[in-house]
Amino acid sequence: QVQLVESGGGLVQPGGSLSLSCAASGSAFSIYTMNWYRQAPGNQREWVASISPGGGIINYVDSVKGRFTISRDNAKNTMYLQMNSLKIEDTAVYFCNARIATHDAAWGQGTQVTVSS
């Protein structure tokens, strides 16, 4: 069974950048499709981006296309989310998720990202 731990959140001004990491342990990281989700106060959890096990297939929600970049390093059992040109509406708790087909293998505990002037 895989366990996930996010890091890298914080407070940033609009237009700034942050880089999130999701470290995996306990199972074969490279077999999972990995996802980033986010949840703002009062909102449902929203899917942000996904990356296939080998990294060749990447998808983003329209609102972050051109600003966020998802990547993974299977040798380091780690997934990343580089967030540039951050907007106030990007403020949320960001979660990483490991999935096989439709089965959610694990969720991280979340890391807070706050975009504010």
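Rules used in this analysis
- Residues numbered from 1 in each chain as written.
- Predicted model: local features only at pLDDT ≥ 70, side-chain atom pairs only at ≥ 80, totals over all residues.
- Heavy atoms only, no water.
- Helix = DSSP H or I, 4+ residues; strand = E, 2+ residues; numbered from the N terminus.
- Buried < 20%, exposed > 50% of the residue type's maximum accessible area, 1.4 Å probe, protein only.
- Contact = heavy atoms within 4.5 Å.
- Phe/Tyr/Trp six-rings, centres within 6.5 Å; stacked < 30°, edge-to-face > 60°.
- Lys NZ or Arg CZ within 6 Å of the ring centre and 35° of its normal.
- Disulfide = S-S within 2.5 Å.
- Salt bridge = Lys/Arg side-chain N within 4 Å of Asp/Glu carboxyl O.

Caption draft 1: Up close: the overall build of the protein chain. Each helix and strand counted, the protein chain has zero helices and eleven strands in total. Each helix and strand of the protein chain, placed in order from N terminus to C terminus, yields the pattern β-β-β-β-β-β-β-β-β-β-β. The C-alpha extent of the protein chain, read off along each of the three principal axes, is 40 × 25 × 25 Å. Counting every position in the protein chain, which comprises 117 residues, the buried fraction comes to 42%. Taking contacts inside the protein chain between residues at least 6 apart in sequence as the whole, the part at least 24 apart equals 51%.

Caption draft 2: Looking closely at the packing of aromatic side chains. Per the counting criterion, the structure on display carries one aromatic pair. The side chain of Arg 45 reaches across the aromatic face of Phe 95, ending 3.8 Å from its centre. For the cation-ring pair, Arg 45 lies above Trp 107, with the distance from its terminal atom to the ring centre recorded as 4.7 Å.

Caption draft 3: Examining the state of the cysteines more closely. Evaluated as defined, the whole model comprises one disulfide. Between the sulfur atoms of Cys 22 and its disulfide partner Cys 96 the distance amounts to 2.1 Å. Measuring the twist about the S-S bond at about 65°, one finds the Cys 22-Cys 96 disulfide to be right-handed. Linking Cys 22 in strand E3 (residues 18–25) with Cys 96 in strand E9 (residues 92–100), this pair joins segments that are 74 residues apart in sequence. A relative accessible area of 0% means that Cys 96 is categorised as buried.

Caption draft 4: Quick look at the pattern of salt bridges. If you walk through the whole model with that rule in mind, you get five salt bridges. Where Lys 65 meets Asp 62, a salt bridge forms, and the shortest distance between an N and an O atom there is 2.9 Å. Of the residues examined, Lys 65 reaches a relative accessible area of 49% and is grouped as partly exposed. The closest approach of N and O atoms between Asp 90 and Arg 67, which form a salt bridge, is 2.7 Å. Remark: Arg 67 occurs in the loop between strand E6 (58–60) and strand E7 (68–73) and Asp 90 occurs in the loop between strand E8 (78–83) and E9; sequence separation between them is 23 residues.

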